[in-house]
Amino acid sequence: MTDCIFCKIVAGDIPADIIYEDEDVLVFRDLNPQAPTHALVIPRCHIPTLNDLRPEDAQLVGKMSLAATTVARQEGIADEGYRVVFNCNAGAGQTVFHIHMHVLGGRPMGWPPG
Ligand code: 5GP
Ligand code: ZN
């Protein structure tokens, strides 16, 4: 997708502070962090929302979860705790329509989320 900002990050056309990558996923720091650690886990392929996932994407979403745990360990927040969030569609706050998992940590997290 040429007009997708996260596809541009995957392609290297716009810079990002990448903290983990493998053949399927990329993890980089959020431009507007909401916690001391705020990273975004994205698949290299363009999937607009969680609603667009197909059964054959199950392994990819599993890899995204594993990347989140790797980054949480790297960032030193795995033991104290961290939050993983997918926003799906505008009503939940999704602004970039290329699926991404927020990984937030380094401060206490309230519940319920806003
Ligand atoms: P959403 O609101 O869609 O769940 O989350 C999108 C996230 O992407 C936001 O937290 C926003 O700060 C982040 N973001 C938007 N554009 C960029 C960008 O160009 N680079 C980085 N690193 N993060 C971005
Ligand atoms: Zn995209």
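The notes below deal with the structure included here. Quantities reported herein were computed from a predicted structural model and do not represent experimental measurements. (Residues numbered from 1 in each chain as written. Chains lettered and ligands numbered in written order. Predicted model: local features only at pLDDT ≥ 70, side-chain atom pairs only at ≥ 80, totals over all residues. Heavy atoms only, no water.)

**Looking at the sheet that holds strand S2 (residues 25-29)**
Then comes step 1: On the basis of which strands lie adjacent, the open sheet formed by five strands has the order S1-S2-S3-S5-S4 and antiparallel pairing. Across the chains shown, the open sheet's two edge strands, defined by having one partner strand only, are strand S1 (18-21) and strand S4 (82-85). Strand-to-strand twist across the sheet, computed as the mean angle between neighbouring axes with direction ignored, equals 20 degrees.
Then comes step 2: Against the sheet, helix H2 (residues 58-75) touches S1, S2, strand S3 (37-43), S4 and strand S5 (101-105), its axis set at about 155 degrees to S3. (Pairing = 2+ DSSP bridges. Helix = DSSP H or I, 4+ residues; strand = E, 2+ residues; numbered from the N terminus. Axes fitted to C-alpha atoms, helices over the stretch in contact; angles between N-to-C directions. Contact = heavy atoms within 4.5 Å.)

**Remarks on the coordination of the zinc ion (ligand 2)**
Then comes step 1: Looking at the zinc ion (ligand 2), one finds its protein donor set to be Cys4 (SG), Cys7 (SG), His46 (ND1) and His98 (ND1), positioned 2.0 to 2.3 Å from the metal centre.
Then comes step 2: Coordination at the zinc ion (ligand 2) is tetrahedral, judged from the four donor atoms that bind it and the angles of 106 to 117 degrees they form at the metal.
Then comes step 3: Mapped onto the polypeptide sequence, the residues donating to the zinc ion (ligand 2) form the spacing pattern C-x2-C-x38-H-x51-H.
Then comes step 4: Classification of Cys4 as buried rests on a relative accessible area of 6%.
Then comes step 5: Relative accessible area serves as the criterion here: at 14%, Cys7 is assigned to the buried category. (Donors = N, O, S within 2.8 Å, 3.2 Å for Na, K, Ca; no water. Tetrahedral: all angles 85-135°; square planar, octahedral: opposite > 155°, others 65-115°. Buried < 20%, exposed > 50% of the residue type's maximum accessible area, 1.4 Å probe, protein only.)

**Observations regarding the nonpolar core**
Then comes step 1: Val27, Ala39, Val41 and Met64 are the most contacted members of the largest nonpolar core, which has 14 residues in total.
Then comes step 2: The set of elements that each furnish at least two residues to this core consists of S2, S3, H2 and S5.
Then comes step 3: No other element matches H2, which puts five residues into this core.
Then comes step 4: Discounting residues that sit within four places of it in the chain, Met64 has contacts with Val25, Val41, Ile42, Pro43, Phe86, Ile99, His100 and Met101.
Then comes step 5: Formed by nine residues, the second largest nonpolar core is a distinct cluster that contains Cys4, Phe6, Cys7 and Leu40. (Core = buried A, V, L, I, M, F, W, Y, C linked by side-chain atoms within 4.5 Å.)

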